[in-house]
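# What the coordinates show
Here are the chains, one letter per residue:
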Amino acid sequence: MEEAGATGEIVPTPTAAAEEPAIAGGVAPTRSAAMLARLLRGWRGALLVYLAFTGAYLGASGGRLRMHSQYNHYVYLADGWIHGRLTLAGPPPNENDWAKIEVFKLRDGREVRGLYGSRTGGAVDRFYPLRGTPETIPAAEIVSRSAIRLVSFPPFPAILMVPFVAVWGLRFNDVLFTALWAGLNPMLLFLLLRSLRVRGLSRRSDVDDLWLTAMFGVGSVYYFCSVIGQVWFTAEIVAVTLSIGYVWASIGAEWPLLAGLFVVCGVATRPPWAIVPLFLFEAVRAVGGTAALRAPSARRAFLGSLSRFALPIAIGGGVLAWYNYARFQNPFEFGHRFLAVQWQERIFRFGLFNYHFLSRNLAAALVLLPRILSRYPYVKISQHGLSVLVTSPNLAYTVMPQEPSPLTKPLWITIAVAALPPLLYQNSGYIQCGYRFSLDFMIYFMVLLAIGNRPLTRRFRGLVVVAFAINLFLAITFDRYGEFSYDDSFFPHGNN
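These lines cover the structure that appears in this document, whether it is placed above or below. (Residues numbered from 1 in each chain as written. Predicted model: local features only at pLDDT ≥ 70, side-chain atom pairs only at ≥ 80, totals over all residues. Heavy atoms only, no water.)

### As for the environment of G434
The criterion, for reference: Secondary structure elements follow DSSP: runs of H or I no shorter than four residues count as helices, runs of E no shorter than two count as strands, and numbering proceeds from the N terminus. With a 1.4 Å probe rolled over the protein chains alone, any residue whose accessible area is under 20% of its type maximum counts as buried; one over 50% counts as exposed, and the rest are partly exposed. We call two residues in contact whenever any of their non-hydrogen atoms come within 4.5 Å of each other.
Position of G434 among the secondary structure elements: in the loop between helix 17 (408–424) and helix 18 (442–452). Take G434: its relative accessible area is 0%, and that puts it in the buried class. Sequence separation of G434 and P401 is 33 residues, and the distance between their C-alpha atoms is 26 Å. The contact partners of G434, leaving out residues within four places of it in the chain, are V221, F224, G385, L386 and T391.

Below you can see the structure in the form of structure tokens.
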């Protein structure tokens, strides 16, 4: 076992001490650690964490901060709402991931909306309506053709931007918004880790919590996702905030309404957001476990907690269903099926989620390595990214906890359930320099590291520093210095 030292640091067991020997003349390091611990206490510490990490994101953003990104889809979505529209006012500023619905007026007087065969890999005169069965429409039957353009990405990040877009319009800077918002998540994670200690689930010190926060904030793909703006990465950053809130509300099933609200907001940011298991396990634990559910009072408490959890999900789900129906005549269609992209044919053949994509996505998540060259630029990163064990090698410690915890099993099940949809998705995350979809479940890994209570040895901290160097390089070079990336032909994009 470990004991708390005089400075609040965790004193390792003899086994752990053998891995991290004491520093000779340890007075100065002890004073430094004590001073850092004092700085990190209370809200002052949280503010310092926010400022430090926000500075890291703004610094790596650099010249990108001068204007919005070219893929500021959420700004267009918010601007449409402000002007009473669910569609774009005109053509999009580019052709990267905007939904397109073709509108045909036919000789028989009908107006039909959907996709024409040339975009889906089917017969050139085959029409796929928003609702109903496909039909053949010869070109001679078409009197006129037009198109409706939409933002298919789920709406919650755009809701956050509405006040700012109301002031700055389409000039609103999504890069700055993303970097400033990104600074919130390390701060919230730091506070979450501190709350685990208060609840008796973690015996980490404030300094330990800061190392874990650094591992996430600058020692993972979160770093490069924070500095570029763009619709795909902004969604990841906002979803992390919701993940942190969900964990906080779920532990002990203490705030079921909030937990349910975070779930539905997550679905409105990164669908399908399959993170429900943690709350369900905690709701059972809160009433004394599965055996206690035999008692009527425990069963009533469990069902009451479950109903409060489900209430915001049902209400928010109804609103999202209405929103989807208003745009695509289907309550379950967010619109990615209508993206005017080069792999739309693949989507129509296999769907958005399919076992067919699993091997590619597993490779991108776990084993994809950089190319090492003997001449400049010396290293090249696949546009499908890097293994999470390269960008965050400390994740290996999640399978080596020192102490059991009632949260361990629920967290692993939540990770497995949350990771499955991205692993089955038709897109690996391309274009990226690390497996960005790992952010859908990265917070649960951080909690696992905290509750495992294995001492954060010099080796662990050294790996955090290495991960920081790797991810700083990715944050600076991604989408800026093309010589450091390559398009990997091992991952075809066509109808495969």
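On we go.
### Some words on helix 12 (residues 277–286)
Listing the buried residues of helix 12 in full gives P277, L278, F279, E282, A283 and V284. Next to the buried residues of helix 12 lie helix 10 (231–250), helix 11 (256–267), helix 13 (296–328) and helix 17.

### Observations regarding the packing of aromatic side chains
For any pair of aromatic rings, the description rests on two quantities: the centre-to-centre distance and the angle between the ring planes. To keep things clear, this is the line we draw: Note on aromatic pairs: the rings of Phe, Tyr and Trp (six-membered ring only in Trp) are paired at centre separations within 6.5 Å, and the planes decide the class, stacked below 30 degrees, edge-to-face beyond 60, tilted for the rest.
Counting across every chain of the model gives 34 aromatic pairs. Look at Y74 and F153: their rings are 6.5 Å apart centre to centre, the planes differ by 65°, and that puts the pair in the edge-to-face class. Taken together, the positions of Y74 in helix 4 (residues 73–82) and F153 in the loop between strand 7 (142–150) and helix 5 (156–168) put the pair 79 residues apart, joining distant regions of the chain. By the burial criterion, Y74 is buried, and F153 matches it. Relative to F478, the ring of F233 has its centre 5.7 Å away and its plane inclined at 85°; by these criteria the two rings are edge-to-face.

### What to know about the nonpolar core
Worth spelling out the cut-off: Definition used in this section: a nonpolar core is a set of buried Ala, Val, Leu, Ile, Met, Phe, Trp, Tyr and Cys residues joined via side-chain atoms within 4.5 Å.
Among the nonpolar cores identified, the biggest contains 116 residues, and L196, F216, F224 and Y246 are the most heavily contacted of them. When residues of this core are assigned to their parent elements, the largest contribution, 13 residues, is made by helix 10. What F216 contacts, discounting residues up to four positions off in sequence, is L189, Y222, V240, L439, M442, I443 and M446. Listed in part, the 10 residues of the second largest apolar core include V103, Y128, L130 and L150.

### Let's talk about the sheet that holds strand 7
What counts here: If DSSP finds at least two bridges between two strands, the strands pair.
The strand order 6-5-4-3-7 describes an open sheet built from five strands, whose pairing is antiparallel. What marks the edges here is a single partner per strand, and that holds for strand 6 (135–136) and strand 7. Summarising the sheet, strand 4 (residues 111–116) and strand 5 (residues 126–129) pair through three bridges and their orientation is antiparallel. In the strand pairing of strand 5, Y116 is matched with F127.

### A word on the pattern of salt bridges
Working definition: two side chains of opposite charge can pair if their charged atoms are close together. Put simply, the test is: By definition, a salt bridge exists where a carboxyl oxygen of Asp or Glu is found within 4 Å of a side-chain nitrogen of Lys or Arg.
Applying the stated criterion to the full structure yields 17 salt bridges. For E95, the salt bridge is made with R149, and the minimal N-O distance between the two is 2.8 Å. Taken together, the residues E95 in the loop between helix 4 and strand 3 (99–106) and R149 in strand 7 connect sequence positions 54 residues apart. A salt bridge links E282 to R285, with the nearest nitrogen and oxygen atoms 2.7 Å apart. Of the two residues, E282 and R285 both sit in helix 12, three residues apart, roughly one turn of that helix. Taken together, the salt bridges that share partners define one network made up of R194, R197, D206 and D209.

### Notes on the sheet that holds strand 9 (residues 379–382)
Spatially, the three strands line up as an open sheet ordered 8-9-10, and their pairing is mixed. Each of the sheet's edge strands pairs with one partner strand only, and the pair in question is strand 8 (371–372) and strand 10 (485–486). Note that strand 8 and strand 9 share two bridges and pair antiparallel. Each bridged residue has a counterpart across the sheet, and for R371 the counterpart in strand 9 is K380.

### A look at the environment of I431
Here I431 is to be found in the loop between helix 17 and helix 18. Overall, the relative accessible area of 40% leaves I431 in the partly exposed class. Each C-alpha atom of the pair I431 and G316 lies 31 Å from the other, and the pair is 115 residues apart in sequence. In contact with I431, other than residues within four places in its own chain, are F233, Q383 and F478.

### Describing unusual backbone geometry
The linkage connecting Y376 with the following residue, P377, adopts the cis geometry, with an omega of 10°. Position of P377 among the secondary structure elements: in the loop between strand 8 and strand 9. Although it is not a glycine, D97 adopts a positive phi angle of roughly 65°. Mapped onto the secondary structure, D97 falls in the loop between helix 4 and strand 3. Of note, the phi angle at N453 is positive, near 60°, even though the residue is not glycine. Within the secondary structure, N453 sits in the loop between helix 18 and helix 19 (458–477).

### Some details on the pairing of strand 9
Here strand 8 folds back onto strand 9, and the loop between the two strands holds six residues, one of which, Y378, carries a positive phi near 70°. Bridge count between strand 9 and strand 10: two bridges; the pairing is parallel. Bridge pairing links S382 to Y486 in strand 10.

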